2 protein chains.
Amino acid sequence: MTEKVCVLRLGHRPERDRRVTTHVGLTARALGAEGMYLASEDKNIKQSIDDVAERWGGNFFVETGVGWKKCVNDWKADGGVVVHLTMYGVPMTSAIEEIKKHEKVLVVVGAEKVPADIYNMTDYNVSVTTQPHSEISSLALFLDHLSDGKNLNLEFPDADLKIDPCERGKRFKD
Amino acid sequence: MTEKVCVLRLGHRPERDRRVTTHVGLTARALGAEGMYLASEDKNIKQSIDDVAERWGGNFFVETGVGWKKCVNDWKADGGVVVHLTMYGVPMTSAIEEIKKHEKVLVVVGAEKVPADIYNMTDYNVSVTTQPHSEISSLALFLDHLSDGKNLNLEFPDADLKIDPCERGKRFKD
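None of these values were measured; they are calculated from a predicted model.

(A) Region of interest: the overall build of chain A. When you go through chain A residue by residue, the secondary structure sums to 6 helices and 6 strands. The N-to-C order of helical and strand elements in chain A reads β-α-β-α-β-α-β-α-β-α-β-α. Computed over its C-alpha atoms, the radius of gyration of chain A comes to 16 Å, within 12% of the 16 Å expected for a compact globule of 174 residues. Evaluated residue by residue, chain A yields a buried proportion of 56% over its 174 residues. For chain A, long-range pairs separated by at least 24 residues make up 80% of all intrachain contacts whose partners lie at least 6 apart in sequence.

See the structure below:
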């Protein structure tokens, strides 16, 4: 069973990809990943996500300026598997049961262009639908299926902000 | 059982939200929604998504400059239900079974700020996790759960481009 998940974000261009990469990181956090490695130097992204994690709890980390090849190789050397989400890969629905058996999963999420090497360096290339949509939705669906839907209602320790779900309007827990 | 799903995108600001709204539309399309109503005038978004739909098949529509109140009211008058995705709502996991019983579902997806009225005009306010993440991932998870995972491998008619899934690299069907 998978116990540790991290995300490696490739191809991030500061400015242009800031919002999308922030959404990638927040999605990873909300669905139980431990952190995001960013293969680019962008302190603003780290700052935004750290701010959220500070207020909403948990220990999600963001590491910027990561060398992606080293990150992939270190993860594998440590016994983990590496899954690259790409619309060209094998369908998630056929690969997920096998991936779940691994304790440590690194999910690689590219922006528009990714280095061609990545296809050969990862253990799995997995497509979430074979249609063009969004690395954010691919990551969300992959993490949800990897955890069998069990991470949809995570509670985060040491949160200053906690929502009190309600039918209308907005409510926070004290 | 739900047979028709459309998305209403609120609060879109041209330029700033272009990529996120494009991802919202493409996610809706990839997971089987029929179209997206955009409560803002932005022909560029329509153009990008129409271009994808033209090459990748199917009949996904984008309608821009939509009045959101009229859109919500028309949908309800036509017998559909309206579901607003918001981190403050009731958990998706507890609401989804009831929502699935409806034939026509309009999913409302806001940007950072939404008009306060929306909370009272919709049939359901639903949260996908109670954490801040992304309207793109919320929409993806909601549509996947609404369809019981059945829309993850949709085939689109009249597609010029079709991926031939493979373990390494990129391959298209002839």
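(B) Region of the structure containing the UniProt feature "binding site: S-adenosyl-L-methionine" (unreviewed entry) in chain A. Residues and elements named next belong to chain A. Under the feature "binding site: S-adenosyl-L-methionine" (unreviewed entry), the UniProt entry names Leu85, Gly110, Ala111, Glu112, Lys113 and Val114. These residues run over 30 residues, yet every pair of their C-alpha atoms falls within 12.6 Å of each other. Within the element layout of this structure, Ala111 appears in the loop between β5 (104-109) and α5 (118-121). Contacts of Ala111, omitting those with residues within four sequence positions, involve Arg9, Leu10, Gly11, Asp17 and Glu135. With relative accessibility at 23%, the residue Val114 sits in the partly exposed group. Dropping the residues within four chain positions of it, Val114 is found in contact with Leu10, His84 and Tyr119.

(C) How the structure looks around the pattern of salt bridges. Taken as a whole and assessed by the stated rule, the structure comprises 28 salt bridges over all chains. Arg171 of chain A serves as the salt-bridge partner of Asp164 of chain A, at 3.4 Å between the closest nitrogen and oxygen. Among the residues examined, Asp164 of chain A registers a relative accessible area of 24% and is labelled partly exposed. By relative accessible area, which is 43% here, Arg171 of chain A ends up partly exposed. Its salt-bridge partner being Asp50 of chain B, residue Lys46 of chain B comes within 2.9 Å of it at the nearest N-O pair. You can see Lys46 of chain B and its partner Asp50 of chain B sitting in helix α2 (residues 43-56), 4 residues apart, about one turn around the helix. Given a relative accessible area of 26%, Asp50 of chain B falls into the partly exposed group.

(D) Geometry of the relation of the copies chain A and chain B. Rotating chain A by 180 degrees about the axis while translating it 0.0 Å along that axis superimposes it on chain B, leaving an RMSD of 0.0 Å. Seen this way, the second copy is the image of the first under a two-fold rotation axis. Closest approach to the rotation axis within chain A is made by the C-alpha atom of Ser137 of chain A, at a distance of 2.3 Å. When you check the interface residues of chain A against chain B, 100% turn up at the interface there too, and the contact is symmetric in its surfaces.

(E) View of helix α6 (residues 135-146) of chain B. Residue and element names in this part refer to chain B. The terminal C-alpha atoms of α6, which comprises 12 residues, lie 16 Å apart, in line with the 16 Å expected from a rise of 1.5 Å per residue. Buried residues dominate α6, accounting for 11 of its 12 residues. Three or more residues of α6 are buried, namely Glu135, Ile136, Ser137, Ser138, Leu139, Ala140, Leu141, Phe142, Leu143, Asp144 and Leu146. N-capping of α6 is provided by Ser134, with a side-chain oxygen placed 3.0 Å from the backbone N of Ile136. Following α6 by one or two positions, Asp148 has its phi on the positive side, about 50 degrees.

Here is what the cut-offs are and how they apply
In this numbering scheme, every chain counts its residues from 1 along its sequence in written order. Think of it this way: whatever chain is written first is A, whatever ligand is written first is 1, and the rest follow in order. In keeping with the model being predicted, local features are shown solely for residues with a pLDDT of at least 70 and side-chain atom pairs are shown and tallied solely at 80 or more, while totals for entire chains, interfaces and linings include all residues. Based on all heavy atoms of the structure, the side-chain values leave hydrogens and waters out of the count. In this text, helices come from DSSP runs of H or I with a minimum length of four residues, and strands from runs of E with a minimum of two, each type numbered from the N-terminal end. Radius of gyration here is computed from C-alpha atoms only, and the compact-globule reference equals 2.2 Å multiplied by the residue count raised to the power 0.38. Here's how the labels work: a residue is buried when its accessible area is under 20% of the maximum for its type, exposed when over 50%, partly exposed in between, all with a 1.4 Å probe on protein chains only. In what follows, a contact means two residues having at least one pair of non-hydrogen atoms within 4.5 Å. UniProt positions are given in the numbering used here, feature names are shortened, and annotations may be inferred rather than shown by experiment. What counts as a salt bridge is simple: a side-chain nitrogen of Lys or Arg found within 4 Å of a carboxyl oxygen of Asp or Glu. All copies are superposed by least squares; the fitting set is the C-alpha atoms of residues with a pLDDT of at least 70 in both. Helix span is expected to be 1.5 Å times the residue number reduced by one. Throughout this description, a polar contact denotes any pair of N or O atoms lying within 3.5 Å of each other; where both atoms belong to protein, one of them has to be capable of donating a hydrogen while the other can accept it, and for residues adjacent in sequence the pair is counted only when both atoms sit in side chains.

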